[in-house]
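Each chain is listed here by its residues.
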Amino acid sequence: MSRLLAALLTVTAAAVLAVGAALGIVALLDATPEQPNTPLITYETAGRER
């Protein structure tokens with residue numbers, strides 16, 4: 001019975017740690033500021049020349 005109890009506690013602890021890690025990663029990703037969406041290259045809009 002003690003082995004079954006130890007196994008259940010181990011599985012429960014592993015599940016709690018996995019959920020905690022997932023929530024921590026999501027919190028870290030939400031904490032990073034968004035990068036500005038500015039293009040590196042801009043083209044002049046001129047009339048059609050041929």
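Here, the structure is the one placed above.
Asks: How should the overall build of the protein chain be read in this particular structure?
Replies: Scanning the protein chain from N- to C-terminus turns up one helix and zero strands. For the protein chain, the C-alpha radius of gyration of 26 Å lies well beyond 10 Å, the compact-globule estimate for 50 residues. Looking at the 50 residues of the protein chain, the share that counts as buried comes to 0%. Surface summary for the protein chain: the accessible area is close to 5400 Å², and the carbon and sulfur share equals 67%.

Asks: What should I look at first to understand the environment of asparagine 37 in this one?
Replies: Tracing the backbone shows asparagine 37 in the segment after helix 1 (2-31). Using a relative accessible area of 79% as the deciding quantity, one classes asparagine 37 as exposed. Between the C-alpha atoms of asparagine 37 and valine 11, which are 26 residues apart in sequence, the distance is 44 Å.

Asks: Please explain the environment of alanine 21 as it appears in this structure.
Replies: Its place among the elements puts alanine 21 in helix 1. In sequence terms alanine 21 and glutamine 35 are 14 residues apart; their C-alpha atoms lie 25 Å from each other.

Criteria and thresholds
- Residues numbered from 1 in each chain as written.
- Predicted model: local features only at pLDDT ≥ 70, side-chain atom pairs only at ≥ 80, totals over all residues.
- Heavy atoms only, no water.
- Helix = DSSP H or I, 4+ residues; strand = E, 2+ residues; numbered from the N terminus.
- Rg over C-alpha atoms; globule rule 2.2 N^0.38 Å.
- Buried < 20%, exposed > 50% of the residue type's maximum accessible area, 1.4 Å probe, protein only.
- Areas by Shrake-Rupley, 256 points an atom, 1.4 Å probe, with all protein chains shown as cover.

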